[in-house]
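Structure assessment
Each chain, written out:
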Amino acid sequence: MNSPLSRLHRLRVAPSRSSAVIFALSLLAITGSPASGQNPPQATLDFLAAACLDCHSGSGAEGGLDLESLGADLSDVAAAARWVRIHDRVRSGEMPPPDESDQSDESANRSAAQDEAALDAETQTFLRVTGDWIRAAQQAEHEQLGRVRGRRLTSLQTARTLQDLLGIDIPLANRLPEDLPSGGFTTVAEGQSISHFHLEQYLTVVDAALEEAWRRALEGDDPWTKELSAKRLSRTRTRTREPELIDGEAVVWSSRLSFYGRIPATQAREPGWYRFTIRARSLKPPVEEEQERGVWCTVQSGPCVSSAPLMQPIGIFEARRETNSWVYETWLPKGHMLEVRPGDSTLKMARFQGGQAANGEGGAQDVPGIAIESIRMERIYRGPRSDEIRRLLFDDLELHTKNGRPRLISEDPERDARRLLQRFASRAFRRPVSDRELEPYVAAAQNVLAGESPEQGLLEALRVGYRALLCSPRFLYFHEEPGPLDDYAIASRLSYLLWNRMPDEPLMAEAAAGRLRDPLVLRAQVERMLDDPRGADFIRDFAAQWLDLNQIDATVPDRRLHPDFDSIVQQSMLDETHAFLSTMLREDLSVTHLIDSKFTYLNSRLARFYKIPRFYEIAAEGENRNEEWEAEHLQRVALRPEDHRGGVLTQGAILKVTANGTTTSPVIRGVWVAERLLGEHVPPPPESVPAIEPDTRGATTIREMLAKHLADASCASCHVKMDPPGIALENYDPAGRWRTHYGDPRKGRKNRGPAIDTSFTMADGRPFEDLAGFRRLVLSDPRRLARNVTEKLVTYGTGAAPRFVDNAMISEIVDASAESDYGFRSLVHAVVASPIFLSK
């Protein structure tokens, strides 16, 4: 072992810390390090030797922390993380335990008060010198290499950048390998390895993107509109799964029959984007407590055959007695069609014999349904038109066709090839490109020109040159040098933070003028970009990873236990969280709204699932209406204590992604809340601790099992942090619904399980009785919540999680937002304006 503390361990001669041993430790600090200048300070070693080494050495070290094997080279990521962990645990009082402080011969003769004072002084010295040592090492590393190393575009960013560059609209992200998150985000450079498979898939996507751009530039677009009457939407056979024609309307009844409501008339004859306008009304809507409900429906797409059972969700809507219209835009692969049907699992369901629906069979069963009057189907193109794509690719060169073969008209093909490659490269690399940098790509194009007649070969030469540019690391990677970022690097970092796509022309113009380091200019750009329609992507993209919303499909609540959970509820939950976060950003609401809030966004289906019966009354009042989210059938709703809702913490999407569909675990939910909302890092179990539960024999309740965790020394230091939020949320079942008892909800009040007890104690010893009490304790420190959001934004936006040396800058960002009560939008502005964002 090369650790100074490991060699100290071999020199120990008595249970007490003798002056000889301490002297030996001093010598080892000077001479024994494998990396000169990397050793911990003397005071650090003294403190650990006196207070920690007895319990943290060898294979049986407590908590898996073996100081004997602790390296001193802070350039090693794992070693640095362990040193920071030690520092932070000492600062929080977790180390050393009060009864195992300094036990030297000198301290044995001191009073308890003197001993405590001496230990406090030693602790403060340890924290100061150890912190300075870690900061100095990391700062030197940042100055030489930067905080972020070799960061590339994610698959999503690559896809959107190719679409912007070439003006195309075909989906590309799903053709690229899935990015694996590191530290919770796929944008983190540390986890962005590239395999041969990744490169192969990437080249395939580049070729597909260029093929589509060339096709549209050369052939043009072919938009069209088709009006589909109810007769054209309905079945042509007696027994089938298409809508039934009744009184001039295409009718689909409520049923669980697969692919019932499929509409072959909407089948795509070519892959592309389509806009559908559906006009429909409800039939036989259910009535509850003298209140007529709507019929909630799903719109999906797919081949709609048993050999290809997966369906792509498009949207949801609530049909009422009056005919209404709903508009959806979706990508349809060739051969895919729409399926439109009632999708509310609480509706009475029709049963059909033989796997097909016969005329009159559904209506006779007196079930709700939907009557479709018509569907308008339009072939559309998102983004630039074909003539604009030609301009992007070929600028002002005219395109002619001779003998069925397109060609560009150019008086000097070599000069035009160089000019267009220069223009394309500047956009692809997101910065000006020198002649020297461009030369290899020009050479590749000129090789093509040399092999064919110049006019005939210019199109192919440009395609070869563009492909080479798109395969360059300068396209795929961020171009950032250690130290302050230049304006073009700032533009890229900002654009990929807020839009996950390349900078647009106004942002690049500010970069070219060298104005992006002007705080007022930078702030104006952030405002412009958040208010842009593309700004809506920020909340969806950020929350997908920060809050794990991209994992909402990972589990499905057990239908037997939660029969009223369905895809409409799940989509409404996602919409609720997106709308809520968007409002926080737009109105600069405090991050305390993540924990508790007096409003949320609901539609009638989600309100019924949450058991908030006042929805129709509230929606009719029209208070705090939000047109953007009304289009998604959501209303801003004021909450009351009896609703048991408020803040992201209790929104269904969050409660679902933190459960497995069958049961809830305070540990799983607790870890999630601690890390995603409270900013607590919960490390994985130490290597010396098996990845199994501690001995919980004899424990009959969840609380008893958690007590066993807390009694296990190797588990307690983490469980005191993650168990409180997990216990506080136990009143919510795996589907996100409020409950008061454990057990099967189908068995009724008489046969339900034990009552849920959510009283517990915070890590600092403060008790709470229920979720409301837990919230009050958390909200007593809003700065902690703001710091967490800041760290998540920094990680997501820069490609590296904050390190120990960044703590002071993170504090400055949080301070800058204090005046707005730590508003969400203010935090975004403060992060973007900070040195940590504006430096590599």
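Everything that follows concerns the structure shown earlier in this document.
Keep in mind that this is a model prediction, so the values were computed, not measured.

It is worth spelling out the overall build of the protein chain at this point. Across its full length, the protein chain holds 30 helices and 20 strands. In the protein chain, buried positions account for 53% of the 840 residues. Across the protein chain, contacts joining residues at least 24 apart in sequence account for 73% of those joining residues at least 6 apart. Of the roughly 37,600 Å² of accessible surface on the protein chain, 51% is carried by carbon and sulfur atoms.

Before going further, it helps to examine the side chain of Ser410. In this fold, Ser410 is placed in the loop between strand E16 (405-409) and helix H11 (413-429). Taking the relative accessible area as the measure of exposure, Ser410 reaches 8% and is therefore buried. From its side chain, Ser410 meets the backbone nitrogen of Asp412 in a polar contact 3.3 Å long. Within the structure, the side chain of Ser410 is placed 2.4 Å from the side chain of Asp416, a separation counted as a polar contact.

Glancing now at H11. Over its 17 residues, H11 runs 23 Å from end to end, which matches the ideal 24 Å to within 8%, given 1.5 Å per residue. Along H11, the positions that sit buried rather than exposed are Pro413, Asp416, Ala417, Leu420, Leu421, Phe424, Ala425, Ala428 and Phe429.

In contact at an axis separation of 11 Å, helix H18 (residues 536-546) and helix H28 (residues 782-798) are set at 105° when each is read in the N-to-C sense. Taken together, the axes of H18 and H28 are roughly perpendicular relative to one another. Across the interface between the two elements, Phe538, Asp541, Phe542, Gln545 and Trp546 from H18 touch Asn788, Val789, Lys792, Leu793 and Tyr796 from H28. Taken together, the residues that form the contact of H18 with H28 break down as 6 nonpolar, 2 polar and 2 charged.

Right, let's talk about the pattern of salt bridges for a bit. When their charged atoms lie close together, side chains carrying opposite charge are able to pair. Inspection of every chain in the model, using the stated rule, returns 61 salt bridges. If you follow the salt bridges from partner to partner, you end up with Glu288, Arg293, Asp344, Asp566, Arg605 and Arg608 in one network.

Under the counting rule described, the total for this entry stands at 23 aromatic pairs. With 4.6 Å between their ring centres and 25° between their planes, Phe47 and Phe126 make a pair best called stacked. Taken as a pair, Phe47 in helix H3 (residues 42-51) and Phe126 in helix H6 (residues 112-145) lie far apart in primary sequence, 79 residues in all. Judged by relative accessible area, Phe126 falls into the buried class, the value being 0%. Where Trp214 meets Phe394, the ring centres are 5.4 Å apart and the plane angle is 90°; that geometry is what we call edge-to-face. A residue pair is termed long-range when its members are at least 10 positions apart, and Trp214 in helix H8 (residues 196-219) and Phe394 in helix H10 (residues 386-394) qualify at 180 residues. The burial state of Trp214 is the same as that of Phe394; both residues are buried. Lying across the ring of Phe837, Arg493 places its NZ or CZ 5.7 Å from the centre. Of note, Arg645 hangs over the ring of Tyr610, and the distance from its end group to the ring centre comes to 3.7 Å.

Turning next to the environment of Ser234. Looking at the secondary structure, you find Ser234 in the loop between helix H9 (230-233) and strand E2 (239-240). For Ser234, a relative accessible area of 7% gives the class buried. Each C-alpha atom, one on Ser234 and one on Ile263, is 7.4 Å from the other, the two residues being 29 residues apart in sequence. In this structure Ser234 touches Glu242, Pro243, Glu244, Leu245 and Ala250, once residues within four positions along its chain are discounted. Side-chain polar atoms of Ser234 contact the backbone oxygen of Ala230, separated by 2.7 Å.

Conventions and cut-offs
- Residues numbered from 1 in each chain as written.
- Predicted model: local features only at pLDDT ≥ 70, side-chain atom pairs only at ≥ 80, totals over all residues.
- Heavy atoms only, no water.
- Helix = DSSP H or I, 4+ residues; strand = E, 2+ residues; numbered from the N terminus.
- Buried < 20%, exposed > 50% of the residue type's maximum accessible area, 1.4 Å probe, protein only.
- Contact = heavy atoms within 4.5 Å.
- Areas by Shrake-Rupley, 256 points an atom, 1.4 Å probe, with all protein chains shown as cover.
- Polar contact = N/O pair within 3.5 Å; in protein donor to acceptor, adjacent residues only side chain to side chain.
- Expected span 1.5 Å × (residues − 1).
- Axes fitted to C-alpha atoms, helices over the stretch in contact; angles between N-to-C directions.
- Parallel < 35°, antiparallel > 145°, perpendicular 65-115°, else oblique.
- Nonpolar A, V, L, I, M, F, W, Y, C, P; charged D, E, K, R; others polar.
- Salt bridge = Lys/Arg side-chain N within 4 Å of Asp/Glu carboxyl O.
- Phe/Tyr/Trp six-rings, centres within 6.5 Å; stacked < 30°, edge-to-face > 60°.
- Lys NZ or Arg CZ within 6 Å of the ring centre and 35° of its normal.

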